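# Structural characterization, general
The residues making up each chain are set out below.
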Amino acid sequence: MSPRVAEQKENLREVMRSIHLIMVENFGARDIKVIPVGDEGSRLSIPIKITGVSADGEPARYFAKIIGSSDMMTEKTIQFMKNLYLHIESRTPLFGFTHSAEEMARYQFETMTRIGELGIPTAKPLGIFALPGGLWLLLTEFLEFPKLTVVKELNDEQLDEAVRSIHLLHANGIFHGDIKPENFLFKDRVFILDVGNFHEDAPVREKRAYDLSCLMISFLEHFPPEKVLTITAKYYPKRDLKKATTYFELIKLRPDFHVDEDMVKGLTTLIV
């Protein structure tokens with residue numbers, strides 16, 4: 001075994017030991033197992049599932065993200081490419097990024113906490129914790145509901161709840177920044193996951209328009225343009241809808257969206 005491989009294995013063991021200790025000391029958990037979570041979407045972290053037995057003897061599951069320095073570079077690259085597109089179009093760059101693993105973990109924890117406090121269903125954040133090697137752990141409750149990417153059928157009420165929840169965020173000065181199909185889960189309620197980063201000084205109108213653009217295109221696989229527009233227009237005025245269409249071309253470039261050109265054209269025609 002080469003020294004590099006041996007070092008990597010030891011680093012991994014240290015991280016696993018640290019996660020076990022965090023779960024024991026903070027949650028009284030035991031019989032802990034850490035399981036990597038496969039996911040079809042793009043992520044800025046390593047997703048894991050933590051299972052075990054809770055302090056009261058019940059089976060317990062948690063979702064967590066391991067965040068490191070390489071994730072910062074990935075985030076910067078993604079945000080830079082989106083800003084570059086806007087710059088080429090002579091538009092204001094919108095997208096910011098965090099500067100450390102701790103900052104990313106803390107930003108997501110604090111923002112998701114605010115979302116939950118508004119009564120919007122989300123994965124409840126449980127804490128952030130330092131790990132060896134400059135890594136950070138963001139821990140949340142574990143949710144196992146179908147995502148928008150795989151759900152077969154939706155009704156008008158579910159679409160209405162999704163739009164209403166995003167509108168509630170905006171009304172409270174929270175802009176999601178990473179709305180996409182994989183960030184919606186469906187059970188008895190519509191759950192909204194994760195958040196992205198805008199520049200702090202990005203214009204509110206532009207942030208709202210980008211979120212709204214992502215929201216409408218996310219649901220075009222499940223509803224015709226007329227339905228998406230009818231329900232979205234209950235919460236947003238025509239000027240916001242028209243502004244959102246200016247981000248459609250950028251959304252079409254994102255690899256985490258499946259975009260039907262005809263559906264987007266139909267939606268644009270209805271709005272403009």
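Presented here is a report on the structure given in the accompanying data block. All chains use their own residue numbering, which begins from 1 and follows the written sequence. This being a predicted model, a pLDDT of at least 70 is required before a residue's local features are given, and a value of 80 or more before pairs of side-chain atoms are given or counted; all residues contribute to the totals for chains, interfaces and linings. Computation of side-chain values covers all heavy atoms of the structure but excludes hydrogens and water.

For side chains of opposite charge, pairing can occur when their charged atoms come near one another. Salt-bridge detection follows one rule: a side-chain nitrogen of Lys or Arg within 4 Å of a carboxyl oxygen of Asp or Glu. Going through the model one piece at a time under the given rule, you end up with 17 salt bridges. Of the charged contacts in the structure, one is a salt bridge between Asp178 and Lys180, with a shortest N-O distance of 3.4 Å. Accessible area is worked out with a 1.4 Å probe on protein chains only. A residue is then buried under 20% of its type maximum, exposed over 50%, and partly exposed in between. Residue classification places Lys180 among the buried positions, given a relative accessible area of 4%. The closest approach of N and O atoms between Glu249 and Lys252, which form a salt bridge, is 2.9 Å. Here the residue Glu249 and the residue Lys252 both occupy positions in helix 8 (residues 248-252), the gap between them amounting to 3 residues, near one helical turn. Overlapping salt bridges bring together Asp178, Lys180, Arg254 and Asp256 as one network. Strands here mean DSSP runs of E at least two residues long; helices mean DSSP runs of H or I at least four residues long; both are numbered from the N terminus.

With their axes 9 Å apart at the nearest point, helix 4 (residues 156-171) and helix 6 (residues 225-232) run at an angle of 50° to one another. Between helix 4 and helix 6, the angle is such that the two are oblique. The interaxial crossing formed by helix 4 with helix 6 has right-handed handedness. When helix 4 is examined against helix 6, the residues Asp156, Leu159, Asp160 and Val163 are found in contact with a partner set consisting of Lys227, Val228, Ile231 and Thr232. Amino acids are sorted into nonpolar (Ala, Val, Leu, Ile, Met, Phe, Trp, Tyr, Cys and Pro), charged (Asp, Glu, Lys and Arg) and polar (every other residue, Gly among them). Tallied by class, residues from the contact of helix 4 with helix 6 come to 4 nonpolar, 1 polar and 3 charged. Here, axes are lines fitted to C-alpha atoms. For helices the fit covers the stretch in contact, and angles between N-to-C directions go from 0 to 180 degrees. In these notes the angle categories are as follows: under 35 degrees is roughly parallel, over 145 is roughly antiparallel, 65 to 115 is roughly perpendicular, and the rest is oblique. By the definition used in this description, the sense in which the near helix is turned from the far one sets the handedness, with an anticlockwise turn below a right angle giving left-handed and a clockwise turn giving right-handed. Contacts are assigned to residue pairs with any non-hydrogen atoms lying within 4.5 Å of each other.

With that out of the way, let us pick up the packing of helix 5 (residues 204-218) against helix 7 (residues 238-245). Contact pair helix 5 / helix 7: the axes reach a minimum separation of 8 Å and the direction vectors enclose 75°. Considering their axes alone, helix 5 and helix 7 lie roughly perpendicular with respect to each other. Side by side, helix 5 and helix 7 meet where Arg205, Glu206, Arg208, Ala209, Leu212, Ser213 and Met216 of the first sit next to Arg239, Asp240, Leu241, Lys243 and Ala244 of the second. Its residues assigned to classes, the contact of helix 5 with helix 7 shows 5 nonpolar, 1 polar and 6 charged.

Quick look at unusual backbone geometry now. As a rule of thumb, non-glycine residues mostly have phi less than zero, and peptide bonds are mostly trans rather than cis. Positive phi, normally seen in glycine, also occurs at Asp31, with a value near 55°. Structurally, Asp31 is set in strand 1 (residues 30-36). In this structure Asp31 comes out as exposed when scored by relative accessible area, which is 56%. For Ser90, which is not a glycine, the phi torsion comes out positive at approximately 60°. Considering the arrangement of structural elements, one finds Ser90 in the loop between helix 2 (69-88) and helix 3 (101-117). When its relative accessible area of 68% is taken as the criterion, Ser90 is described as exposed.

Remark on secondary structure: sheet strands pair via backbone hydrogen bonds, oriented parallel or antiparallel. Pairing in this open sheet of 5 strands is antiparallel, and the strands run 1-2-3-5-4 from one edge to the other. The open sheet has two edge strands, strand 1 and strand 4 (125-130), and neither has a second partner. This sheet shows a mean twist of 25° between the axes of neighbouring strands, independent of strand direction. Sheet analysis places strand 4 next to strand 5 (residues 136-141), joined by 5 bridges and oriented antiparallel. The residue bridging Phe129 from the neighbouring strand is Leu137, located in strand 5. The strands touched by helix 3 within the sheet are strand 3 (59-67), strand 4 and strand 5, with strand 4 carrying the most contacts at an inclination of about 170°. In short, DSSP must find at least two bridges between two strands for them to pair.

Before going further, it helps to examine helix 7. When helix 7 is considered as a whole, its buried residues turn out to be Asp240, Leu241, Lys243, Ala244 and Thr245. Buried residues along helix 7 sit against helix 5, helix 6, helix 8 and helix 9 (261-271).

Looking now at the nonpolar core. A general tendency of soluble globular proteins is for nonpolar side chains to be buried together. Residues grouped as a nonpolar core are buried Ala, Val, Leu, Ile, Met, Phe, Trp, Tyr and Cys residues, joined through side-chain atoms within 4.5 Å. In terms of nonpolar packing, the biggest core is built from 50 residues, with Leu94, Phe184, Tyr210, Leu215, Met216 and Phe219 touching the most fellow members. Top contributing element to this core by residue count: helix 5, with 7 residues. Residues within four places of Tyr210 in sequence aside, it is in contact with Lys82, Leu94, Phe95, Gly177, Phe198, Tyr247, Leu250, Ile251 and Arg254. In terms of nonpolar packing, the next biggest core, distinct from the first, is built from 16 residues, Ile32, Ala60, Ala64 and Leu139 among them.

Of all 6 residues in strand 5, 5 are buried, a share of seventy percent or more. Looking at chain direction, strand 3 and strand 5 are connected through 6 bridges and run antiparallel. In the sheet register, Tyr62 faces strand 5, and the bridge partner there is Glu141. In textbook terms, the turn of a hairpin is the stretch between consecutive antiparallel strands, and for strand 4 and strand 5 this stretch comprises 5 residues, one of which, Gly133, has a positive phi near 75°.

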